[in-house]
Amino acid sequence: MEKNTKTTPPKASAPNKTLSKPRIFFGVLFVLLSVVLTFSFVSYLLNWKADQSQAGTMLDKTVQSSNIFGKIGDWLGNFFIFESIGIAAFAVAFLFFVVGMLIFKKNYFKPWKTIGHSLFFICWLPIFMGAITKGQGVLSGVYGFQIMDFLLSVIGSAGLWLVLLVSIALYFVLEFNLNPSNVKAKLNDLNENTVGRVKAMMPNSSENFEADEELEELAADDTGNHATQNIKTVSTPAEIPVKGFPEVEISNDFETIKTPNKTSFDDGEPSKITVTESVGNSLNLSPVSTTEIPAPTKSDEIDFKVEVAKTIDILDESDKKSQELVDKHGLYDHKLELAKFQMPTIDLLRDYGNEEISINRDELEENKNKIVGLLKNFNVGIAEIKATVGPTVTLYEIVPEAGIRVASIKKLQDDIALNLSALGIRIIAPMPGKGTIGIEVPRKNPSMVSMRSVINSQKFQNTDMDLPVVFGKTISNEIFMADLAKMPHLLMAGATGQGKSVGINAILTSLLYKKHPSELKFVMVDPKKVELSLYSKIERHYLAKLPDGDDAIITDTHKVINTLNSLCIEMDQRYDLLKNAFCKNLKEYNKKFTERKLNPENGHRYLPYIVLVVDEFADLIMTAGKEVELPIARLAQLARAVGIHLIVATQRPSVNVITGMIKANFPARAAFRVISSVDSRTILDSPGADQLIGKGDMLYFNGNEILRLQCAFVDTPEVEKIAEFIGEQKGYASAFMLPEYTSEESTSNVGAFDPNEKDALFEDAARIIVSTQQGSTSMLQRQLKLGYNRAGRIMDQLEASGIVGGFNGAKAREVQISDLNSLEQFLEELRK
């Protein structure tokens, strides 16, 4: 029998015998506070109605308290339970007890885990109790009732319980680690332990049972039936494992013989084992000769040849038909309608002369000495320094000595700017992909980067990007380009006069120099009415508009809403075409259409890229709000695969303009100089844009790293020349027509009012609306304790009857009846 080993549980750490008097005092204080709070809460719950009325009469001696701790207990219960968090106040008392135990150095609880659990119950238990009690009593407290009432008005009863159940489920999943893999592993371990215990309780293993059965079968087949007292072992170099024979000890009266798992034989003829059982309980293992299997000779070898099968391209009927059409008519040419269209020439752009960067070595040496001297004054040693001269700024890359912290250099940004007398210093610590720290210092005499120089470069002329956009030049004087099709959307921000509109013109000019009118269409939104009006001359070539639109450059807010929704319809239609063509993106679809694999009779057509340009997004948000933000967000989420891309610019990158939903779908962002670091963090999620020097100096963020660029300059006369050059050529009959969109106002579903079908609470709701002069559905939910659907139906009936006006966006509906007397007369007429 095995002895059971007893394991002694670890003892709790003994309290420190030398506890200081302040520690003892505060420990006792916190424990006593927890006890007082607990009994005050219990007493308050038993007599909460009386205690609540006496909570404000602490100094009145004539009022007697029913709480165990008197009026102090009344006040504590009223404050923590009724006015705050309800029954979850017991968690506060528990936390006081935990703190007291920790002061006494009693490690009964894990501090952070205990605090986390307590905060969970403090946050969610009042809401849960509010949902159960509907705000009746004090179990939920004011906090629980208010949050429950708000959630009930927003997401309804089903949504409220769903949120509560999900939060409870997440708590148990995180607390007990109930993810599927862990649960499965625990079940497997339990299963293996159970099987192992069952096997251990059985007298013989399965292998012993198999061995016994084979021994009995072989013994029955043996014809000798002779008894032996010895075992003959024949040893050979070759070892052949014998299936079914585990290591068994067999003993007789004289000796013990051990038969191994492997039995050896001679090198001669192959043998098999005959096993016979003897009278003396021993085994006889004797080799018996069998027929030898001859080895193959060279004459018996078979010729073996290896051939590689050729790939046979089998075309189905549709591929054959498309191939025949291509052989007969050639590939589909989307440029055929405007075959003689000429791309703008480089002569339309102004030549600003020599743009080579002049290196002022005296300036570089002076800045280098100032930087090294300043860092030395702050005990920051430098091992190496290198300068890279760009069009606008010079980048000084420094390698600090070993042991120097990066943060110690980064916090000296203002000191370096003061020492260099520079407009704005930007420190990059560390530089991505390099073991250096970068200090960007503006040049005294910056160089201009003209649009002509970047358009005429070989990098732009030979690019194979789908929608090439050339921004300008980097710090290292390299031309920087990006593919708008892969961005896939661009968010631009910058204060007035810092180069934002020039940046938009540079982007549009890049696309006009590269894409044919059949390949690209613009939807231009210009609330300022003067920035994009230059492009109205290319309406029949590159612009898109609504069927009933007079001007392709959209300036009216109402038309902007219809245009954005029309783009959403165009996006959905394009997705249907891609689904029917079994394509994942616009490039694959157009390739199939060009190869004549898609039938135009089934609605297929060549799809151009569509670029939506919004010059002042903040103005649209102020005037239209959600009606603009929602279609913009939907296009940003879904439209990239069907060739619809967005360029959104704004002067004020505040959080109420550039919301989280918009930022999440605009990974590419361009920031010109902004006023404050808060604006820089809004657009780039990091500071730096407030340190730019203006005049086209910009930061470009592609989702991975931030690059400092000098935007190419294109003047208004240059844009006019390009637009006139394109507009004078033959164009399409009209602008590209977007799908027709019918607004909700024109298709209002509020029909004629039938008094016989009005809701039972119709008159009560009408009185509430007229008395408050506020036509709000959420107010009806709160006042009448209704769900959103029923309150919405009552509001529709009030609109149909003429009591309130139509839907007015985020604002409340206008109330048509001014007083209750007029309302009662109106209701009396409805009853007749």
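Quick notes on the rules
Along each chain, residue indices are assigned from 1 in the same order as the chain's sequence is written. Residue-level local features of this predicted model are given only where pLDDT is at least 70; pairs of side-chain atoms are given and counted only at 80 or more, and the full residue set underlies all totals for whole chains, interfaces and linings. Only heavy atoms go into the side-chain values, all of them from the structure, while hydrogens and water stay out. Put simply, DSSP marks the helices as runs of H or I at least four residues long and the strands as runs of E at least two long, and each gets a number from the N terminus on. The rule is simple: take the accessible area with a 1.4 Å probe, protein chains only, and divide by the maximum for that residue type; under 20% is buried, over 50% is exposed, in between is partly exposed. All accessible areas in this document rest on Shrake-Rupley with a 1.4 Å probe, and a residue is counted as covered only by the protein chains that are shown. Cavities and pockets were defined on a 1 Å grid built from protein atoms only: a cavity is a group of points that admits a 1.4 Å probe but offers it no way out, a pocket is an open group of points flanked by protein on both sides within 12 Å along at least five of seven lines, and a lining residue is one with an atom within 4 Å of any such point. Grid points are joined across faces, edges and corners, and a volume is the space filled by probe spheres set on the points. Nonpolar residues are Ala, Val, Leu, Ile, Met, Phe, Trp, Tyr, Cys and Pro. Charged residues are Asp, Glu, Lys and Arg, and all others, Gly as well, are polar. A pair of strands is considered paired only if DSSP assigns at least 2 bridges between the two. A helix is expected to reach a length of 1.5 Å times the quantity of its residues less one. Contacts are assigned to residue pairs that have any heavy atoms within 4.5 Å of one another. For helices, the fitted axis covers only the stretch in contact; all axes are lines through C-alpha atoms, and the angles between them, taken along N-to-C directions, range from 0 to 180 degrees. If an angle is under 35 degrees, it is roughly parallel; if it is over 145, roughly antiparallel; if it lies from 65 to 115, roughly perpendicular; otherwise it is oblique. Crossing handedness is read from the near helix: turned anticlockwise from the far helix by less than a right angle, it gives a left-handed crossing, and turned clockwise, a right-handed one. Aromatic pairs are defined between Phe, Tyr and Trp rings, using the six-membered ring for Trp, whenever the two ring centres lie within 6.5 Å; interplanar angles under 30 degrees are classed as stacked, those over 60 as edge-to-face, and all others as tilted. Put simply, a nonpolar core is a bunch of buried Ala, Val, Leu, Ile, Met, Phe, Trp, Tyr and Cys residues held in one set by side-chain atoms that sit within 4.5 Å of each other. Patch membership needs two things, relative accessible area over 30% and no salt bridge, and members are linked within 9 Å if like-charged or within 5 Å if nonpolar (Val, Leu, Ile, Met, Phe, Trp, Tyr). Here a salt bridge means any side-chain nitrogen of Lys or Arg lying within 4 Å of a carboxyl oxygen belonging to Asp or Glu. The charged-residue count follows a simple rule in which Lys and Arg add positive charge and Asp and Glu add negative charge, with His and chain termini not counted at all. Where a charge lies is defined by one atom per residue type, namely NZ (Lys), CZ (Arg), CG (Asp) and CD (Glu). Bend at a residue means the angle formed by two fitted axes: the first through the 7 residues ending at that position, the second through the 7 residues beginning there.

J.: Before we move on, can you summarise the overall build of the protein with the specific residues and values?
T.: When helices and strands are tallied, the protein shows 27 helices and 22 strands. A total of 832 residues make up the protein; the buried ones form 41% of that total. Carbon and sulfur atoms provide 54% of the accessible area of the protein, an area that totals close to 48300 Å².

J.: Provide a residue-level description of empty space enclosed by the protein, including the pertinent values.
T.: Taken as a whole and assessed by the stated rule, the structure comprises 1 cavity of 30 Å³ or more. As for the largest cavity, its lining consists of Gly-390, Pro-391, Thr-392, Val-393, Lys-473, Thr-474, Ile-475, Asp-697, Arg-708, Leu-709 and Gln-710. Of all the elements in the fold, those that place two or more residues in the lining of the largest cavity are β11 (468-474) and β21 (706-711). For the lining of the largest cavity, the leading source of residues is β21, giving 3 residues. Grouping the constituent residues of the lining of the largest cavity by class yields 4 nonpolar, 4 polar and 3 charged.

J.: A description of the pairing of strand β20 (residues 697-701) should follow, citing residues and the corresponding values.
T.: Within β20, 5 of the 5 residues are buried, leaving the element largely enclosed by the surrounding structure. Strand direction decides the pairing type here: strand β19 (residues 668-671) and β20, joined by 3 bridges, are antiparallel. Its bridge partner being in β20, Ala-671 is matched across the sheet by Leu-699. Alignment of β20 against β21, held across 5 bridges, turns out to be antiparallel. Each bridged residue has a counterpart across the sheet, and for Phe-701 the counterpart in β21 is Ile-706. Between β20 and β21, which pair antiparallel one after the other, the connecting turn spans 4 residues, and Gly-703 there sits at a positive phi close to 100°.

J.: Describe in detail unusual backbone geometry, supporting the description with residues and values.
T.: Following Ala-429, the chain continues into Pro-430 via a peptide bond in cis, with omega recorded as -10°. Within the secondary structure, Pro-430 sits in the loop between β9 (426-428) and β10 (437-442). Put simply, Met-487 and Pro-488 share a cis peptide bond, and its omega is 0°. When you line up the elements, Pro-488 lands in the loop between β12 (479-483) and β13 (490-493).

J.: So what's going on with helix α20 (residues 626-638)? Which residues, and what values?
T.: For the α-helix, the turn length of 3.6 residues means that residues three or four positions removed from each other point alike. If you check α20, its first and last C-alpha atoms are 18 Å apart, about what 13 residues at 1.5 Å a residue would give, namely 18 Å. What α20 keeps buried is the set Val-628, Glu-629, Pro-631, Ile-632, Ala-633, Leu-635 and Ala-636. Against the buried residues of α20 lie α17 (557-581), β17 (609-614), α19 (617-624), β18 (644-650) and α21 (660-664).

J.: Which residues make up the packing of helix α24 (residues 762-772) against helix α27 (residues 820-831), and what are the values?
T.: In the contact formed by α24 and α27, the axes pass within 10 Å of each other and the chain directions differ by 155°. What the angle tells us is that α24 and α27 run roughly antiparallel. Pair α24 / α27 crosses with right-handed handedness. Between α24 and α27, the residues in contact are Phe-762, Glu-763, Ala-766, Arg-767, Val-770 and Ser-771 and Leu-820, Leu-823, Glu-824, Leu-827, Leu-830 and Arg-831, respectively. Residue composition of the contact of α24 with α27, grouped by class: 7 nonpolar, 1 polar and 4 charged.

J.: Outline the packing of aromatic side chains, listing residues and values.
T.: Under the criterion given, the structure shown has 13 aromatic pairs. Pairing Phe-471 with Phe-480 gives two aromatic rings, centres 6.0 Å apart and planes at 40°, and the pair type is tilted. A single burial state applies to Phe-471 and to Phe-480, both of which are buried. Ring geometry for Phe-471 and Tyr-700: centres 5.2 Å apart, planes at 40°, overall tilted. Here Phe-471 is found in strand β11, whereas its partner Tyr-700 is found in strand β20, with 229 residues between them in sequence. Among the residues examined, Phe-471 registers a relative accessible area of 3% and is labelled buried.

J.: Just give me the short version of the sheet that holds β19, but keep the residues and values in it.
T.: Judged by pairing direction, the sheet is mixed, and its 10 strands sit side by side in the order β12-β11-β21-β20-β19-β13-β18-β17-β14-β16 without closing on themselves. Strand pairing shows two members of the sheet lacking a second neighbour, β12 and β16 (553-554), which therefore form its edges. Contacts from helix α22 (residues 677-684) reach β13, β19 and β20, with the element oriented near 155° to β19.

J.: Explain the sheet that holds strand β8 (residues 393-400) to me, and be specific about the residues and the numbers.
T.: Read across the open sheet, the 4 strands follow the order β7-β8-β10-β9; overall the sheet is antiparallel. Each end of this open sheet is capped by a strand with a single partner; those strands are β7 (382-389) and β9. Here the average twist between neighbouring strands, direction ignored, is 20°. Sheet contacts for helix α10 (residues 361-377): β7, β8 and β10; angle to β8, the most-contacted strand, approximately 40°.

J.: Which residues make up the nonpolar core, and what values do they have?
T.: Counting residues in hydrophobic clusters, the biggest one holds 113 residues, and the most contacted among them are Phe-471, Leu-490, Phe-522, Leu-612 and Tyr-700. The residues touching Phe-522, leaving out its near neighbours within four places in the chain, are Leu-508, Leu-511, Leu-512, Tyr-542, Leu-543, Ala-544, Val-611 and Val-613. One finds Ile-769, Ala-791, Ile-803 and Leu-827 within the second-largest nonpolar core, a separate group that totals 21 residues.

J.: Mind laying out a negative patch on the surface, listing which residues take part and the relevant values?
T.: On the surface, Asp-548, Asp-550, Asp-551 and Glu-740 cluster together into a negatively charged patch. Summarising the element assignment, Asp-551 is placed in the loop between β15 (544-545) and β16. Owing to a relative accessible area of 43%, Asp-551 belongs among the partly exposed residues under this scheme.

J.: Outline a nonpolar patch on the surface, supporting the account with residue identities and numerical values.
T.: A cluster of nonpolar side chains, Leu-162, Val-166, Leu-170, Val-173 and Leu-174, forms an exposed patch at the surface whose accessible area comes to about 480 Å². Note that Leu-162 resides in helix α6 (residues 141-176).

J.: Residues and numbers for helix α5 (residues 111-133), please.
T.: Its 23 residues give α5 an end-to-end C-alpha distance of 32 Å, which sits within 8% of 33 Å, the value for a rise of 1.5 Å per residue. Of all the bends found along α5, the most pronounced is centred on Trp-124 and spans about 30°, while Pro-126, a proline, follows it within four residues. All buried positions along α5 are accounted for by Thr-114, Ser-118, Phe-120, Ile-122, Pro-126, Ile-127, Met-129, Gly-130, Ala-131 and Thr-133. The first or second residue beyond α5 is Lys-134, which carries a positive phi of 60°.

J.: A description of the environment of Ile-553 should follow, citing residues and the corresponding values.
T.: Counting through the fold element by element, Ile-553 comes out in strand β16. With relative accessibility at 5%, the residue Ile-553 sits in the buried group. For the pair Ile-553 and Tyr-535, spaced 18 residues apart in the sequence, the C-alpha separation amounts to 8.0 Å. Here Ile-553 is in contact with Met-524, Asp-526, Leu-532, Tyr-535, Ser-536 and Leu-543, once residues within four sequence places are set aside.

Function-wise, these values are silent; they only describe arrangement.
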